[in-house]
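These are the residues of each chain, in order.
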Amino acid sequence: MSRELFVRHIAAPDHEAGLKALAQVAELAQAVTLSTDRARCANGDLGRSLHAFEDRLMQPADAELLNHAVRDMRQVSVQTHQTISEVLTVLATRSNELARLRGELEAVREEAALDGLTQVLNRRAFDRELRACVQQDVEREPLVACLLLLDIDHFKSINDGFGHIFGDEVLRAIGHTLRAVTAVGDSVGRFGGDEFSLLLRMQTRTQAQALTERLLERVAASSIRTGQGEALRGRVTVSMGGAWRVAQEDALQWLRRADAALYQAKNGGRNRVCWAA
């Protein structure tokens, strides 16, 4: 079950690093359980010895029996103290290891959510952000939620004319630009191929519209070098379609409206943003 939950919520099934860390967490949990059992047994032994010692004290005085009882009690106390000390040492060590593995699992979670080429969220992670957004009460949300779909204009021609390696550089540059213009709390994802997605939370619609215009200008002004060292400026542009969040609308409906606005921008001449009604 733990492996299934990890695969479902953190990583892909073949993510060896994450599964290895999860296995180590399971081993640590087992070690802690065994250490706890040892401490419980030692505490039980001490309790039984105390009861036996109390019974002997209630019997008629006998110096030899009393000395024997004291020796037994001292031996059990020493053994219990030693066991507890060993258990505490084990628990401290396991706690440090668990903290390290927790950090590794968090790193795996973050890595699994990113697109390897552009370092923005992958489709799966972005969809998760989108679903979380539509579950919020739109009437009580203080920020205006805006979904943008972005497509690189004539990307196939860029690949055909300059090669796929340069095409990858273009994708990286777009990803970098999107991360640079968005703020904490916004989500940027690679929707697929040369298409990106943004989920913005803005104070006003005017702010979101200004950001999209600034993004268009920044992409068009970017300079990307080809494999031959030639710097291309103004050759890469993007088209965008935006849709404001409305009440009683699920994620798919929201996406469809943004997608329709994107195609409107592409059919209207590209290098522009269009907004869904």
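Residues numbered from 1 in each chain as written. Predicted model: local features only at pLDDT ≥ 70, side-chain atom pairs only at ≥ 80, totals over all residues. Heavy atoms only, no water.

(A) Inspection of the overall build of the protein at higher detail. Tallying secondary structure elements over the protein gives eight helices and seven strands in all. Taking all 277 residues of the protein together, the buried fraction comes to 38%. Put simply, of all contacts in the protein between residues at least 6 apart along the chain, 67% involve residues at least 24 apart. About 16,400 Å² of surface is accessible on the protein, with carbon and sulfur atoms providing 52% of the total. (Helix = DSSP H or I, 4+ residues; strand = E, 2+ residues; numbered from the N terminus. Buried < 20%, exposed > 50% of the residue type's maximum accessible area, 1.4 Å probe, protein only. Contact = heavy atoms within 4.5 Å. Areas by Shrake-Rupley, 256 points an atom, 1.4 Å probe, with all protein chains shown as cover.)

(B) Spatial organisation of the confidence of the model for the protein. When pLDDT is averaged across the protein, the result is 80; 67% of the residues are at 70 or more. Within the model, the stretch residues 1-14 combines pLDDT values under 50 with 27 contacts to residues more than four positions away or in other chains. (pLDDT = per-residue confidence, 0-100.)

(C) Summary view of the environment of Ala260. Tracing the chain through its elements places Ala260 in helix α8 (residues 251-267). Considered as a pair, Ala260 and Ala276 are 16 residues apart in the sequence and their alpha carbons are 7.3 Å apart.

(D) Region of interest: the sheet that holds strand β3 (residues 195-202). Spatial strand order, β2-β3-β1-β6-β7: five strands in an open sheet with mixed pairing. With partners counted over all chains shown, the strands left at the sheet margins are β2 (187-192) and β7 (273-275), one partner each. Ignoring strand direction, the axes of neighbouring strands in this sheet form an average angle of 20°. Looking at chain direction, strand β1 (residues 144-152) and β3 are connected through eight bridges and run antiparallel. Each bridged residue has a counterpart across the sheet, and for Leu147 the counterpart in β3 is Leu199. Taken strand by strand, helix α4 (residues 123-134) contacts β1, β2 and β3, and its axis lies near 30° from that of β3. The strands that α8 touches are β1, β2, β3, β6 (238-244) and β7; relative to β6, the one it contacts most, it runs at about 145°. (Pairing = 2+ DSSP bridges. Axes fitted to C-alpha atoms, helices over the stretch in contact; angles between N-to-C directions.)

(E) Layout of the packing of helix α5 (residues 155-162) against helix α6 (residues 164-181). Contact geometry of α5 with α6 gives a least axis separation of 7 Å together with a crossing angle of 135°. With respect to their mutual orientation, α5 and α6 come out oblique. On α6, the residues touching Phe155, Ile158, Asn159 and Phe162 of α5 are His164, Phe166, Gly167, Val170 and Leu171. When the residues that make up the contact of α5 with α6 are grouped by side-chain class, the tally is six nonpolar, three polar and no charged. (Parallel < 35°, antiparallel > 145°, perpendicular 65-115°, else oblique. Nonpolar A, V, L, I, M, F, W, Y, C, P; charged D, E, K, R; others polar.)

(F) Looking closely at unusual backbone geometry. At Gln248, a residue that is not glycine, the phi angle is positive and equals roughly 60°. Within the fold, Gln248 resides in the loop between β6 and α8. In this model, Arg270 sits at a positive phi of 65°, which is unusual for a non-glycine residue. Here Arg270 lies in the loop between α8 and β7. We classify Arg270 as partly exposed; its relative accessible area is 24%.

(G) Layout of helix α7 (residues 205-221). Between its first and last C-alpha atoms α7 spans 25 Å; for 17 residues at 1.5 Å apiece the expected length is 24 Å, and the two agree. Among the residues making up α7, those that are buried are Ala208, Leu211, Thr212, Leu215, Leu216 and Val219. Relative to the axis of α7, the buried residues are bounded by an arc of 140° and lie together on one face. Opposite the buried face of α7, by more than 90 degrees, sit the exposed residues Thr206 and Glu217. Contacts made by the buried residues of α7 are with β1, α6, β3, β6 and β7. (Expected span 1.5 Å × (residues − 1). Arc of directions from axis to C-beta.)

(H) The arrangement of the pairing of β6 in detail. Buried residues dominate β6, accounting for seven of its seven residues. The side-chain alternation of β6 yields two buried faces, one formed by Val238, Met240, Gly242 and Trp244 and the other by Ser239, Gly241 and Ala243. As judged from the three bridges shared by β6 and β7, these two strands associate in the parallel manner. The residue of β7 that forms the bridge with Met240 is Val273. The β-α-β motif built from β6, the intervening α8 and the parallel element β7 has left-handed crossover chirality. (Right-handed = clockwise from strand over helix to strand, strands pointing away.)

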